[in-house]
Amino acid sequence: MRVVVVGGTGRIGARLVALLRARGDEVLAASRRTGVDVVTGAGLEPALAGADAVVDVSRSPSMAPADAREFFTTGTRTLLDAGERAGVAHHVLLSVVGARLLRGAGFLQAKVAQEDLVAGSGRPHTVLAATQFFGFAAGIADAATQVGPGGPEVRLPDVPDQPVAEDDVAAELLRVLDEGPAGATLELAGPEQMRLPGFVAAGLTAAGDPRPVVPDPAATYFGATVAGDELLPGPGARLGVVRHADWLTAR
């Protein structure tokens, strides 16, 4: 199988590229670093020539909602059009669990727009929506940091979360490729539920970050109000195998 991984030098893409190469598949890690730009289309046509599948794990260089929407929608249209011309048989997109429920999170709404483009394209596809990655605890903390009486503190809603290891995400993407187009959205989460503040606090502690994490019912999650199970996958979600405590120990 020849696979083009868009965003193939990033957090998830590099892992997937390694898995594909380890079993002997032909794989191209496509990114701006390797001369492929999905927004402008530069380098895309030769990259997709002869490809059986394309996996889009690209990430917007900006978290600003307008910038993210422009990146995801323009890049996805360009990639879908190029894939159709090249005869790519499977378009795989990595997205985020709960994005449709978090209407106040502009970045996640940009991912929803991207999902809709893929689902409505008529192309053979699979969308894999994953919960937040173990390694993203610091990013969540940065977005939720406020200056309190004692200095910077992270304020988060005390809601359930089910984060997943990056290695499990890459492994599931490999499984999706082997299964072929589902024509639907599949969900992936970690093997255990946690509370969002506890997950982030554990990650910060392991990294030597002294910021305290304060549960706050008025706090938002990337600008979105979260009060219940919005961050959890639905019934039938696929589950990873790596537990958060084991992941922290192995770092």
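Caption draft 1: Structural view of the sheet that holds strand β3 (residues 53-56). The seven strands are arranged β2-β1-β3-β4-β5-β9-β12 in an open sheet whose pairing can be described as parallel. One side of each edge strand has no neighbouring strand; the edge strands of this open sheet are β2 (26-30) and β12 (238-239). Taken together, the four bridges between strand β1 (residues 2-6) and β3 define a ladder with parallel strand orientation. Residue Val 6 lies in a different strand from β3, and its bridge partner there is Asp 56.

Caption draft 2: Geometry of the pattern of salt bridges. Summed over all chains, the structure comprises 18 salt bridges. Two residues, Arg 32 and Asp 37, come together in a salt bridge whose shortest N-O distance is 3.5 Å. The exposure class of Arg 32 is exposed, given its relative accessible area of 53%. Between Glu 172 and Arg 238 there is a salt bridge, with its nearest N and O atoms 2.6 Å apart. Note that Glu 172 is positioned in helix α6 (residues 166-179) and Arg 238 in strand β12, a separation of 66 residues in sequence. Look at Glu 172 and you get buried, because its relative accessible area is 7%.

Reading guide: rules and limits
Going along each chain's sequence as written, the residues are numbered from 1 onward. Residues qualify for local features only when their pLDDT is at least 70, as the model is predicted, and side-chain atom pairs are given and counted only at 80 or more; totals for whole chains, interfaces and linings, by contrast, use all residues. Neither water nor hydrogens contribute to the side-chain values; these are computed over all heavy atoms in the structure. Only strands joined by at least two bridges in the DSSP assignment are considered to pair. Each helix is a run of H or I in the DSSP string that is no shorter than four residues. Each strand is a run of E no shorter than two, and both are numbered from the N terminus. What makes a salt bridge here is a side-chain nitrogen of Lys or Arg within 4 Å of a carboxyl oxygen of Asp or Glu, nothing more. Partly exposed residues are those whose accessible area sits between 20% and 50% of the maximum for their type, while under 20% is buried and over 50% is exposed, using a 1.4 Å probe and protein chains only.

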